[in-house]
Amino acid sequence: MTEKIKVPYNYLPFEFSNTKDIFKAWKKLILSTDFTLGKFMENFEKQFSKYLGVKYCIGTNNGTDALILSLKSLGIKNGDEVITVTNTFYATVGAIVSCGARPIFIDCDSRYQIDIDQIEKKISNKTKAIIPVHWGGASPNMFKIVKIAKKYNIHVVEDACMGIGAKIKNKKPGTFGIVNAFSMHPLKSLNVMGDGGMVVTNNYKLYNWMKKYRNHGMINRDNIEFYGENFRLQPLQAVVASNQLKKLDQVINKRNINAKYFDSLLSSLENNVSVPPRPKGYIETFALYMVLVKDRNKLLKYLSNLNIEAKIHYPKPLHLQSASLKYGYKKNDFPIAEYQAKHLITLPIHQFISKKQINYMFECIKKFYQ
Ligand SMILES: Cc1ncc(COP(=O)(O)O)c(C=O)c1O
């Protein structure tokens, strides 16, 4: 085996090694003292709606708030049901629960996305919305999901927290649902220096309500229309986001080049490693580059000893979390997600990973199975 090479999962030290442009823009913001809402945040909101091709964007504290704001704007409440996939991040379901609604889980498919064929069976007269998740930065077939939702007259709210910069047949995540949520957490494709998020919609009525709800329900300084919350995006982060947005397409492009190369290498280990299908017309953000592997936990440890930082997203699907006990789910309810939770590994292929590092990861994995 060749000498050990470090393959870091965390790209933030590289990402923010040159902060000249951000400091310059921060200086303008600081001198303006526009620290709450204001033009720096509005600039970013405009830039992001233009990037996505939607009418309205509302900056929020984070992706979790963006999901809560989206669901609340649709009046989702106690007694309602919202369908989503069991292998997602806690926040997708946390948002449903925080609105008082009941999460209805669905299994996933071979691309680790919501299994669309199971959606119709789960629709009841209490179903108000489906939240498809762009899990890992890949996307389910949103065209099919929208069609099902229309048939049953229910809303689609995209959890596009990992999906910024992806495409499904030339249409971007966040342009399918009635109101959709994004995250700019440091490990997302468009990342800020802490927390940040957005909600997007083409519906003026929802936009108008969300804009007020994000800011305490205020109409002006002395009057509120209803009681809302403080979900405002920090202008300091909006400045970072504007800067990062300029580089986004380049970042996605590099990750796709890396992923394609790694896919081609790993495909030769098909007895032990399974690369998911990559259907034509789908561009992924590769927020997570995931493959199914044999002896996952042993491989993870082996790679860690060789300086390769791999991760698991996640070892326990949400229907098996103790937080979900009261909904009555049990083991084997969603066999695909449960299998994937035991076998998925996330490997670093971000924009700062070189071909040499990918070759090294491949050689190490190959050796592990020999
Ligand atoms: C699928 C998904 N939904 C929601 C969130 C929540 O976003 P945030 O961490 O910005 O609140 C995340 C990210 O953490 C996520 O990956």
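Residues numbered from 1 in each chain as written. Predicted model: local features only at pLDDT ≥ 70, side-chain atom pairs only at ≥ 80, totals over all residues. Heavy atoms only, no water.

In this section: the packing of aromatic side chains. Scanning all chains against the criterion turns up 23 aromatic pairs. Ring centres 5.6 Å apart and planes at 55° place the aromatic pair Phe 23 and Trp 26 in the tilted group. Of the two residues, Phe 23 and Trp 26 are both situated in helix H2 (residues 20-32); the distance of three residues between them amounts to about one turn of the helix. Since its relative accessible area comes to 17%, Trp 26 is described here as buried. Ring geometry for Tyr 56 and Tyr 207: centres 4.3 Å apart, planes at 15°, overall stacked. With Tyr 56 in strand E1 (residues 56-60) and Tyr 207 in helix H8 (residues 204-214), this pair connects stretches of sequence that are 151 residues apart. (Phe/Tyr/Trp six-rings, centres within 6.5 Å; stacked < 30°, edge-to-face > 60°. Helix = DSSP H or I, 4+ residues; strand = E, 2+ residues; numbered from the N terminus. Buried < 20%, exposed > 50% of the residue type's maximum accessible area, 1.4 Å probe, protein only.)

Formed by 37 residues in total, the largest nonpolar core has its most connected members in Ile 119, Ile 130, Trp 135 and Ile 145. Among the elements of the structure, strand E2 (81-85), strand E3 (102-106), helix H7 (142-152) and strand E13 (289-293) are those that each provide at least two residues to this core. The leading source of residues in this core is H7, at five residues. Excluding its chain neighbours within four sequence positions, the residues that come into contact with Ile 145 are Ile 114, Ile 116, Ile 119, Ile 130, Pro 132, Pro 140 and Val 156. (Core = buried A, V, L, I, M, F, W, Y, C linked by side-chain atoms within 4.5 Å. Contact = heavy atoms within 4.5 Å.)

On domain assignment, one finds that the protein holds domain 1 (13-243) and domain 2 (248-369). When each unit is reduced to the centre of its C-alpha atoms, the spacing between domain 1 and domain 2 is 25 Å. Each partner contributes residues to the interface: domain 1 has 40 residues there, and domain 2 has 38 residues. Carbon and sulfur atoms supply 62% of the area buried between domain 1 and domain 2, which totals about 3,200 Å² over both sides. Contact with domain 2 buries area across many residues of domain 1, yet Phe 105, Arg 111 and Tyr 112 alone supply 20% of it, more than any other trio. Viewed at the interface, domain 2 and domain 1 are joined by zero salt bridges. The tally of links between domain 1 and domain 2 comes to 16 residue pairs in polar contact (both at pLDDT 80 or more). Among the elements of the structure, helix H1 (12-15), helix H5 (90-98), E3 and strand E6 (167-168) are those that each provide at least two residues to the side of domain 1 that touches domain 2. (Domains from an automatic or database assignment. Buried area = accessible area lost by both parts, 1.4 Å probe. Salt bridge = Lys/Arg side-chain N within 4 Å of Asp/Glu carboxyl O. Polar contact = N/O pair within 3.5 Å; in protein donor to acceptor, adjacent residues only side chain to side chain.)

Here we take up the environment of Tyr 369. Among the secondary structure elements, Tyr 369 is positioned in helix H12 (residues 355-369). A relative accessible area of 18% means that Tyr 369 is categorised as buried. C-alpha separation for the pair Tyr 369 and Asn 272, spaced 97 residues apart in sequence, amounts to 7.3 Å. There is a polar contact of 2.6 Å between the side chain of Tyr 369 and the backbone oxygen of Lys 294.

A few words on the packing of H2 against helix H9 (residues 235-266). Packing of H2 against H9 leaves a shortest axis separation of 10 Å and a crossing angle of 140°. In the packing of H2 onto H9, the handedness of the crossing is right-handed. Along its contact with H2, which presents Asp 21, Ile 22, Ala 25, Trp 26 and Leu 29, the element H9 presents Pro 235, Leu 236, Val 239, Val 240 and Asn 243. Among the residues forming the contact of H2 with H9, the class breakdown is eight nonpolar, one polar and one charged. (Axes fitted to C-alpha atoms, helices over the stretch in contact; angles between N-to-C directions. Left-handed = near helix turned anticlockwise from the far one by under 90°. Nonpolar A, V, L, I, M, F, W, Y, C, P; charged D, E, K, R; others polar.)

Here we take up unusual backbone geometry. That bond from His 313 to Tyr 314 is cis: its omega, -10°, falls within 30 degrees of zero. As for its placement among the helices and strands, Tyr 314 is situated in the loop between helix H10 (296-305) and helix H11 (335-343). Backbone geometry places Tyr 112, a non-glycine residue, at a positive phi of 70°. Mapped onto the secondary structure, Tyr 112 falls in the loop between E3 and helix H6 (119-122). Of the residues examined, Tyr 112 reaches a relative accessible area of 4% and is grouped as buried. The phi dihedral of His 216 falls on the positive side, at around 65°, and the residue is not glycine. Note on placement: His 216 falls in the loop between H8 and strand E9 (218-220).

Pairing in this open sheet of four strands is parallel, and the strands run E3-E2-E4-E5 from one edge to the other. With one partner strand each, in any of the chains shown, E3 and strand E5 (155-156) form the two edges of the open sheet. Bridge count between E2 and strand E4 (residues 127-131): four bridges; the pairing is parallel. The residue bridging Ile 83 from the neighbouring strand is Ile 130, located in E4. Sheet strands in contact with H5 are E2, E3 and E4, and its direction is about 145° off that of E3. (Pairing = 2+ DSSP bridges.)

This paragraph deals with the sheet that holds strand E8 (residues 197-201). Ordered in space as E1-E8-E7, the three strands form an open sheet in which the pairing is antiparallel. With one partner strand each, in any of the chains shown, E1 and strand E7 (179-183) form the two edges of the open sheet. Across the sheet, the axes of successive neighbouring strands diverge by a mean angle of 20°, strand direction being ignored. Where E1 and E8 come together, five bridges link them in antiparallel fashion. Paired with Tyr 56 across the bridge in E8 is Thr 201.

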